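# Structural overview
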Amino acid sequence: MKITKDILYVGVNDHQVDLFEGQYDVPNGMAYNSYVIMDEKIAVMDTVDINFKQEWLDNIEKVLNGRKPDYLVVQHMEPDHSANIANFLKVYPDTTLVANAKTYTMMDQFFTLDEGVKRLTVGNGESLALGKHTLTFVFAPMVHWPEVMVTYDSTDKVLFSADGFGKFGANDVEEAWDCEARRYYIGIVGKFGVQVQTLLKKAATLDIEIICPLHGPVLTENLGHYIEKYDIWSSYRPENEGVVIAYTSVYGNTKQAAELLAKKLEEKGCPKVSLFDLARDDMAEAVEDAFRYDRLVLATTTYNGEIFPFMREYINHLTERSYQNRRVAFIENGTWAPTANRVMGKMLENSKNLTFAENNVTIRSAVKPETEEALEKLAEEFCK
């Protein structure tokens, strides 16, 4: 696939993977992107997952049409992008590796490369001339590993953005970008909002017409939309108005309360209500929506003096990704000593700019008229 006259796509689509990074459900697969810049000197941008070694090498051979690559640029050492460095060098041993010092440290942990392999170490802001194309390397530490850098081609105005602006899903599947890009960002990069904001400020100084990420489609139109989404996500601002109700339930009583609250919110005209059973629904989807919407209700049982394990896991997912700037309410259930609201509040006490509801709810075993009255008050408060 031609991206520009000189830049060609040589990546692969993976429909074998069931869980990306061992935890994220990817029903539409994944794309591992790699690119070739054809010039007086030829640069290959990153490799692909180890399971697609031969397909990727075949793609490169076809594009090169008998020529040899001069450089292999390594922007990120996560194995879904770097696993074939050694395999590439077996086929093209005269290629010079291009990376930064931290990348080489990691590379030597993953591989035992021949001492004769040529290495070019680049610094932040340094450039590499290929001919008419000049590549400038911009360090992006902790987006989302410490060695990450992105690369700007000033000739075709292309940003090779590493894992930035990536998404779940193979490139041969038609689907909207926002949802799977949001789930990808929140799950994988979400903790590092400050670092993403730093990268966005650097990118704002560049004249960018095309974004080439390591996952997902090449972005060529309406770039302001994608950059705006990244700005919202990385600054932890709510993207939409709405209420997420995340619950766990042992015998169905807490579930009943959660569903009743959802009904009351919808009846009061709440613009969006998302309901998640944390034991059964996709945890990553529930985390994604908590960051997408501006209000969150956590409903769980008191369990061993604590909270139900799936709820604890869920809150941990939120706090480790710096959950903030939202309104939060609690619903607890307990037969003899309900403590879940206190425990959940304690887990969120270090989160920034959370506004906690005045009308939190306590269920004593089963939903009774007094429970419905409490849920009504909470619905009124959260629909204001």
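Refer to the structure printed above.
Cut-offs and rules
Residues numbered from 1 in each chain as written. Predicted model: local features only at pLDDT ≥ 70, side-chain atom pairs only at ≥ 80, totals over all residues. Heavy atoms only, no water. Buried < 20%, exposed > 50% of the residue type's maximum accessible area, 1.4 Å probe, protein only. Helix = DSSP H or I, 4+ residues; strand = E, 2+ residues; numbered from the N terminus. Pairing = 2+ DSSP bridges. Right-handed = clockwise from strand over helix to strand, strands pointing away. Axes fitted to C-alpha atoms, helices over the stretch in contact; angles between N-to-C directions. Parallel < 35°, antiparallel > 145°, perpendicular 65-115°, else oblique. Left-handed = near helix turned anticlockwise from the far one by under 90°. Contact = heavy atoms within 4.5 Å. Nonpolar A, V, L, I, M, F, W, Y, C, P; charged D, E, K, R; others polar. 1 Å grid on protein atoms, 1.4 Å probe; cavity = no way out; pocket = protein on both sides within 12 Å on 5 of 7 lines; lining within 4 Å. Points joined across faces, edges and corners; volume = space filled by probe spheres on them. Polar contact = N/O pair within 3.5 Å; in protein donor to acceptor, adjacent residues only side chain to side chain.

Glancing now at the pairing of strand S9 (residues 96-99). Covered by surrounding structure in S9 are Thr-96 and Val-98 together with Leu-97 and Ala-99, the residues of both alternating faces. By the bridge criterion, four bridges tie S9 to strand S10 (residues 118-121) in an arrangement that is parallel. Bridged to Ala-99 within S10 is Thr-121. Of the crossover connections in this fold, the one passing from S9 over helix H4 (residues 101-110) to the parallel S10 is right-handed.

Moving on, we come to unusual backbone geometry. Backbone geometry follows two general trends: most residues other than glycine have a negative phi, and most peptide bonds adopt the trans configuration. Note the cis peptide between Val-143 and His-144, where omega equals 5°. Within the fold, His-144 resides in the loop between strand S12 (134-139) and strand S13 (149-153). A positive phi angle, near 65°, is found at Met-142, a position not held by glycine. Looking at Met-142, the relative accessible area reads 24%, which means it is partly exposed. Even without being a glycine, Ser-365 presents a positive backbone phi close to 80°. You can see Ser-365 is positioned in the loop between strand S22 (361-363) and helix H12 (369-382). Overall, Ser-365 belongs to the partly exposed group, its relative accessible area being 27%.

Contact geometry of helix H9 (residues 283-292) with helix H10 (residues 309-320) gives a least axis separation of 10 Å together with a crossing angle of 50°. The angle between H9 and H10 places the two elements in the oblique class. Judged by the twist between their axes, the crossing of H9 over H10 is right-handed. Across from Met-283, Ala-286, Val-287, Ala-290 and Phe-291 in H9, the residues of H10 making contact are Phe-310, Glu-313, Tyr-314, His-317 and Leu-318. Tallied by class, residues from the contact of H9 with H10 come to eight nonpolar, one polar and one charged.

Attention shifts here to the layout of surface pockets. There is about 360 Å³ of room inside the largest pocket. Taken together, 18 residues line the largest pocket, and the ones lying closest to its centre are Thr-301, Thr-302, Asn-333, Gly-334 and Thr-335. At the level of secondary structure, the elements contributing two or more residues to the lining of the largest pocket comprise helix H8 (253-267) and strand S18 (293-303). A per-element tally of the lining of the largest pocket places S18 first, with three residues. By residue class, the composition of the lining of the largest pocket is six nonpolar, twelve polar and no charged. Counted as a void, the second largest pocket has a volume near 200 Å³. Every residue lining the second largest pocket is counted, 15 residues in all, and those nearest its centre are Tyr-236, Ser-322, Tyr-323, Gln-324 and Lys-352. With three residues, helix H6 (residues 193-203) is the single largest residue contributor to the lining of the second largest pocket. Taken together, the residues of the lining of the second largest pocket break down into four nonpolar, nine polar and two charged.

Bringing the side chain of Asp-178 into the picture now. Locating Asp-178 in the fold gives a position in helix H5 (residues 177-189). A polar contact is formed between the side chain of Asp-178 and the side chain of His-225, at a distance of 2.8 Å.

Next up on the list: the sheet that holds strand S11 (residues 127-129). For sheets, the rule is that strands pair by backbone hydrogen bonds, running either parallel or antiparallel. Strand order in the open sheet formed by five strands is S11-S12-S13-S14-S15, and the pairing between neighbours is mixed. The sheet is open, and its two edges are formed by S11 and strand S15 (210-212), each paired on a single side. Between one strand axis and the next, the sheet turns by 20° as a mean value, whatever way the strands run. Examined bridge by bridge, strand S14 (residues 158-160) and S15 share three bridges and lie parallel to one another. Each bridged residue has a counterpart across the sheet, and for Phe-160 the counterpart in S15 is Cys-212.

Attention now goes to empty space enclosed by the protein. What the rule picks out here adds up to one cavity of 30 Å³ or more. When its volume is computed, the largest cavity comes out at roughly 80 Å³. At four residues, the largest contribution of residues to the lining of the largest cavity is made by H6. A per-class count over the lining of the largest cavity returns nine nonpolar, two polar and no charged.

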